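Geometric and topological summary
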Amino acid sequence: MKFFAALLLAALSLTAAETQARTITDAAGRKVEIPDTVTRVLAAGPPASVLVYVLAPDKLTGWVRQPGDAEKQFLMPSVRDLPTFGQLTGKSGTANMEAVLAAKPDIIIDVGTVNPTYASLADKVQAQTGIPYVLIDGSFARSAETLREAGDILGAGDRAEKLATYAAAKISDLNAKLASIPESDRPRVYYGRGPEGLETGLSGSINLEILGAAGATNVAAAAGKGGLTQVSLEQILSWKPDTILAASGKFAASVKSDPLWKDLDAVKNNRVFVTPSLPFGWFDSPPGINRLIGISWLEHLFYPKQFTGDLKADVREFFTLFYQVDLTDDQLAMLLKGSGAQSK
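As the structure is a prediction and not an experimental result, all values here were calculated from the model.

Turning to the packing of helix 12 (residues 291–302) against helix 13 (residues 311–323), a few remarks are in order. At a minimum axis distance of 10 Å, the contact between helix 12 and helix 13 shows a crossing angle of 175°. On the basis of the axis angle, helix 12 is roughly antiparallel to helix 13. Contact residues: Leu 292, Ile 293, Ser 296, Trp 297 and His 300 in helix 12; Leu 311, Asp 314, Val 315, Phe 318 and Phe 322 in helix 13. The residue inventory of the contact of helix 12 with helix 13, partitioned by class, reads seven nonpolar, two polar and one charged.

Below is the structure:
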């Protein structure tokens, strides 16, 4: 308590010019007073980092997790070396609250699942720091709305509308084409996280959200409803996936070489792929607006007859529009390595 009292005292002692304010209702139904003009934003978690970066990179005060060298080459130079504050959200928040206060953000934004737990955390942090804390629903189907809502808060409405138009068109085209694809032609997929690949998401997990959006079956849903969980090799074998998506190249290599996996159709038919991950995960990690390019990849991977466009051109367009980075041929090849799409 003494620590948080000290933080509150520090927050209240910060001097700032008076600004006009307005009251908004966030995704949790909370009334939050925010400045009319927002110039400095702290992201509470990784999805919020991505959202603020794509909309208003000049307003991002820092990263939740420091980008590595491989990631930095796909980010604007102005944000590559921003400070790292850690994460306010999650089971073990790592944010240094003193550093958060020292950054003097006008607002804290969190994007993703919205429930009473996240609302309670937002209330607690806002009370402790005096910094407005806004929750935005980051579900994939609402990608366009998420961009517009955040754009309004950040004063980046024109850019938000441009990105939202892209998102809405992408999801609309996906749904229209999926409507003509029978269930029998849709893949049964296991998605494995980590070097061993034995962490996955259950039914309803936000980490597997775009798998369902792409019309595929998450075989791990057979284990029940929930978030991320550990499973066994025996369970995966019993689910009989015809496609395996690996977050780790090490896991993908072990699946292809370990005889314990050899009887799965996914292995027999060379349907083991590494999910692209730079500069942010295309499938997951984080489950944010970055997944829009993951949908383009999954469309080509799952339904090449229905989605016949140029994936490489789609990737170039997305990176230019959202990340404001123009890709070289070598960078494009790096992004798609192991994904099953290099030659498309």
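Anyway, onward from the coordinates.
So, on to helix 14 (residues 329–336). Within helix 14 the residues assigned to the buried category are Gln 331, Leu 332, Leu 335 and Leu 336. Viewed along the axis of helix 14, the buried residues span an arc of 125°, placing them on a single side of the element. Residues Asp 329 and Asp 330 are exposed on helix 14 and point more than 90 degrees away from its buried face. Against the buried residues of helix 14 lie helix 13. Of the residues trailing helix 14, Gly 338 is marked for its positive phi of about 80°.

With that settled, the discussion passes to the pattern of salt bridges. In this structure the tally under the stated criterion is 16 salt bridges. A salt bridge links Arg 186 to Glu 183, with the shortest nitrogen-to-oxygen separation between them at 3.7 Å. The exposure class of Arg 186 is buried, given its relative accessible area of 18%. Under the relative-accessibility criterion, Glu 183 is labelled exposed at 59%. Salt bridges linked by common partners bring Arg 22, Asp 36 and Asp 152 together as one network.

Quick look at the sheet that holds strand 8 (residues 217–218) now. Pairing within the open sheet is parallel, and its four strands lie in the order 8-6-10-11. Of all strands in the sheet, those bounded by a partner on one side alone are strand 8 and strand 11 (272–274). Two strands pair when backbone bridges link them, and strand 10 (residues 243–246) and strand 11 are joined in this way by three bridges, in the parallel orientation. When the sheet's bridge partners are listed, Ala 246 is paired in strand 11 with Val 274. Sheet strands in contact with helix 10 (residues 249–257) are strand 6 (188–192), strand 10 and strand 11, and its direction is about 165° off that of strand 11. Seen against the sheet, helix 12 touches strand 6, strand 10 and strand 11 and runs at an angle of roughly 150° to strand 10.

Turning next to the nonpolar core. Ranked by size, the top nonpolar core spans 78 residues in total, and within it Tyr 53, Val 54, Leu 147, Leu 245, Phe 302 and Phe 322 carry the most contacts. Considering each element in turn, this core owes the most residues, eight residues, to helix 7 (residues 157–178). In contact with Leu 245, not counting residues within four places along its chain, are Val 189, Tyr 190, Tyr 191, Gly 192, Leu 211, Phe 273, Thr 275, Phe 283, Trp 297, Leu 298, Leu 301 and Phe 302. In this structure, Ala 220, Ala 246, Ala 252 and Val 272 belong to the second largest nonpolar core, which totals 18 residues.

Before going further, it helps to examine the packing of aromatic side chains. Inspection of the entire model under this criterion finds 18 aromatic pairs. A ring pair is formed by Phe 251 and Trp 261, whose centres lie 5.7 Å apart and whose planes are at 70°; its orientation type is edge-to-face. Note that Phe 251 is positioned in helix 10 and Trp 261 in the loop between helix 10 and helix 11 (265–268), a separation of 10 residues in sequence. With 5.9 Å between their ring centres and 75° between their planes, Phe 302 and Tyr 303 make a pair best called edge-to-face. Here Tyr 303 falls in the buried class, since its relative accessible area comes to 2%. Grouping aromatic residues by their ring pairs yields a cluster made of Tyr 53, Trp 63, Phe 74, Tyr 166, Phe 280, Trp 282, Phe 318, Phe 319, Phe 322 and Tyr 323.

Rules used throughout
Residues numbered from 1 in each chain as written. Predicted model: local features only at pLDDT ≥ 70, side-chain atom pairs only at ≥ 80, totals over all residues. Heavy atoms only, no water. Axes fitted to C-alpha atoms, helices over the stretch in contact; angles between N-to-C directions. Helix = DSSP H or I, 4+ residues; strand = E, 2+ residues; numbered from the N terminus. Parallel < 35°, antiparallel > 145°, perpendicular 65-115°, else oblique. Contact = heavy atoms within 4.5 Å. Nonpolar A, V, L, I, M, F, W, Y, C, P; charged D, E, K, R; others polar. Buried < 20%, exposed > 50% of the residue type's maximum accessible area, 1.4 Å probe, protein only. Arc of directions from axis to C-beta. Salt bridge = Lys/Arg side-chain N within 4 Å of Asp/Glu carboxyl O. Pairing = 2+ DSSP bridges. Core = buried A, V, L, I, M, F, W, Y, C linked by side-chain atoms within 4.5 Å. Phe/Tyr/Trp six-rings, centres within 6.5 Å; stacked < 30°, edge-to-face > 60°.

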